[in-house]
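The primary structure of each chain is shown beneath.
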Amino acid sequence: RRKMMYEPKPGDFGVVKTNGLAARLIQLGTASRWNHAFIYIGGGVIAEARPKEGLVLKSVSQYKKIAWNQHQELTSKQRDKILDKAHSLLGTSYGFIDIFVLGLRILGLKFLTGKLLEKMCMAQGIICSEYVAICYQAAGIDLVNKAEYLVTPGDLAEMLIYQ
């Protein structure tokens, strides 16, 4: 029997496992096999955060195995709000400070991640999973019960498991 492939809808988010040193560090640090997240825009295009480019549009075909939030019921109004927010943030720089803060928290140094770093995270840039969380928050959906800049691809993937 052949497995049917899920056809993503605009506003869906996906998580993937990629290769490379940064991917391995994210996987190790977050105790998850997932290390990247993005939002499907439609027409084979995704919006994602990339370290060298910031928030950009790319082809979904660059990823082979994608876990989609296919069981999440989204209204067309929610999908429109997710897409509006995703488009409004394009061009934003990548959130390297967010990665630093996540690293400190993973190492058990949460006490070093006070209000100043939190403000810097929110002002400096956006990482992939934070991008997904922000866009869904714009549609009134709190995906993970934590601040957007602390959401990891593993958090989003774990959400998919329990749908």
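Provided above is the structure to which this section pertains.
What counts and what doesn't
Sequence positions are assigned chain by chain, starting from 1 and proceeding in written order. Note on the predicted model: pLDDT of at least 70 is required for a residue's local features to be given, and 80 or more for side-chain atom pairs to be given and counted; whole-chain, interface and lining totals, by contrast, use all residues. With hydrogens and water set aside, each side-chain value is computed from the structure's full complement of heavy atoms. To count toward a patch, a residue needs a relative accessible area above 30% and no salt bridge. Like charges then connect within 9 Å, nonpolar side chains (Val, Leu, Ile, Met, Phe, Trp, Tyr) within 5 Å. Per-residue accessibility takes into account occlusion by the displayed protein chains alone, with areas from the Shrake-Rupley method and a 1.4 Å probe. Salt bridges, as used here, are contacts in which a Lys or Arg side-chain nitrogen is within 4 Å of a carboxyl oxygen on Asp or Glu. Asp and Glu count as negative and Lys and Arg as positive, but His and the ends of the chain are not part of the count. By convention, charge coordinates are those of NZ in Lys, CZ in Arg, CG in Asp, or CD in Glu. The secondary structure listing takes helices from DSSP runs of H or I that are at least 4 residues long and strands from runs of E that are at least 2 residues long, numbered from the N terminus. Strands pair, by our definition, only if DSSP identifies at least two bridges between them. Contacts are assigned to residue pairs with any non-hydrogen atoms lying within 4.5 Å of each other. Comment: axis = line fitted to C-alpha atoms, over the contacting stretch for helices; angle = value between 0 and 180 degrees taken between N-to-C directions. When a residue's accessible area, from a 1.4 Å probe over protein chains only, is under 20% of the maximum for its type it is buried; when over 50% it is exposed; and in between it is partly exposed.

Engineer: Please set out a positive patch on the surface residue by residue, giving values where relevant.
Structural biologist: Taken together, the side chains of Lys17, Arg24, Arg33 and Lys65 present a region of like positive charge at the surface. Mapped onto the elements of the fold, Arg24 is located in helix H1 (residues 21-30).

Engineer: Give me the sheet that holds strand E5 (residues 67-68): which residues, what numbers.
Structural biologist: Two orientations exist for strands paired in a sheet by backbone hydrogen bonds: parallel and antiparallel. Pairing is antiparallel in the open sheet, where five strands are placed in the order E4-E3-E2-E1-E5. In this open sheet, the two edge strands, each paired with only one partner strand, are strand E4 (54-59) and E5. As paired elements, strand E3 (residues 45-50) and E4 share six bridges and run antiparallel to each other. Note on E4: the bridge partner recorded for Arg50 is Gly54. The strands touched by helix H2 (residues 76-89) are strand E2 (36-42) and E4; relative to E2, the strand with the most contacts, the crossing angle is about 110°.

Engineer: How would you summarise the pairing of E2 if you had to cite specific residues and measurements?
Structural biologist: Taking burial as the measure, the seven residues of E2 include seven buried ones, the bulk of the element. In this structure, strand E1 (residues 13-16) lies alongside E2, joined through four bridges in antiparallel fashion. Across the sheet, the residue bridging to Phe13 is Ile39, located in E2. As paired strands, E2 and E3 are joined by four bridges and run antiparallel to one another. When the bridges of E3 are listed, Phe38 appears paired with Glu48.

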